[in-house]
Amino acid sequence: LITGNPAFTEVAADAECLPPLIVIACSRVGTVQVASVEALSHLALLEKTHAEFVSQGAIPLLVALTAFDVTAMAAAACECLAHLAPDEKLAARLVQAGAVASLLELLPSNEVTIRLPASSALASICAADGGRAAVEKEQGLTRVLMLLSDDNDEVCTEGVRCTANLSLRPYFQAEIVQVGG
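To start, this report covers the structure provided alongside it.

About the criteria used
Residues numbered from 1 in each chain as written. Predicted model: local features only at pLDDT ≥ 70, side-chain atom pairs only at ≥ 80, totals over all residues. Heavy atoms only, no water. Helix = DSSP H or I, 4+ residues; strand = E, 2+ residues; numbered from the N terminus. Buried < 20%, exposed > 50% of the residue type's maximum accessible area, 1.4 Å probe, protein only. Areas by Shrake-Rupley, 256 points an atom, 1.4 Å probe, with all protein chains shown as cover. Lys, Arg positive; Asp, Glu negative; His and termini not counted. Charge placed at Lys NZ, Arg CZ, Asp CG, Glu CD. Contact = heavy atoms within 4.5 Å. Salt bridge = Lys/Arg side-chain N within 4 Å of Asp/Glu carboxyl O.

### Considering the overall build of the protein chain
Counting its secondary structure elements, the protein chain contains 13 helices and 0 strands. For the protein chain, the sequential pattern of α-helices and β-strands runs α-α-α-α-α-α-α-α-α-α-α-α-α. Oriented by its inertia axes, the alpha-carbon framework of the protein chain measures out at about 50 × 30 × 25 Å. By residue count, 46% of the 181 residues in the protein chain fall in the buried class. Carbon together with sulfur atoms contributes 55% to the accessible area of the protein chain, which is approximately 8,800 Å² in total. Here the protein chain contributes 10 positive and 21 negative side-chain charges, whose respective centroids are spaced 6 Å apart.

See the structure below:
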């Protein structure tokens, strides 16, 4: 994809490529659909595209695509969410769209290409109290703590980051200590 190149990503963002990519992600199946979500993921790296992700209704679509039974699609959707989640306003929208439940479901995946972006997105979402509350509501601490023993160092690091963010909420503090997190 040309959007893998930062210079082309800027051009794609300026050319308003987001709406047609969202249409493809909604309406096509197979390789072209995965490629469109991968392109959206690259565009999500640019802060100037974030408002358009909201206005074009891409966030609920991306959350829904994380449940796709094709590894490449779920991984691409998680990667896109991971790029959007550090934006505090978008993190709140991700929580509203049900991303926390979807991401928690993906943490036990056998595929590191899914676990890594899912754990990264979740860690960023949990930087805000709304994200921490959503993990509490979903009773997701056990899944997060599983990441601490992941064989992949990057996934483990995201698990540590997520656990640190969750520990800011009194509800989790005792349980984290009890489990040894």
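Okay, back to it.
### Some remarks on the side chain of Ser-36
Mapping Ser-36 onto the fold places it in helix 3 (residues 31-44). Judged by its relative accessible area of 2%, Ser-36 is buried. Not counting residues within four places of it along the chain, the set of residues in contact with Ser-36 comprises Leu-21, Ile-24 and Ala-25.

### Re unusual backbone geometry
The phi torsion at Gln-139 lies on the positive side, around 50 degrees, for a residue other than glycine. Checked against the element boundaries, Gln-139 lands in the loop between helix 10 (129-137) and helix 11 (141-146).

### A short note on the pattern of salt bridges
Under the definition given, this model contains 5 salt bridges. The residue Asp-129 makes a salt bridge to Arg-169 at a minimum N-O spacing of 2.9 Å. Placement of Asp-129 in helix 10 and of Arg-169 in the loop between helix 12 (153-166) and helix 13 (170-179) is noted, with a sequence separation of 40 residues between them. Among the residues examined, Arg-169 registers a relative accessible area of 18% and is labelled buried.

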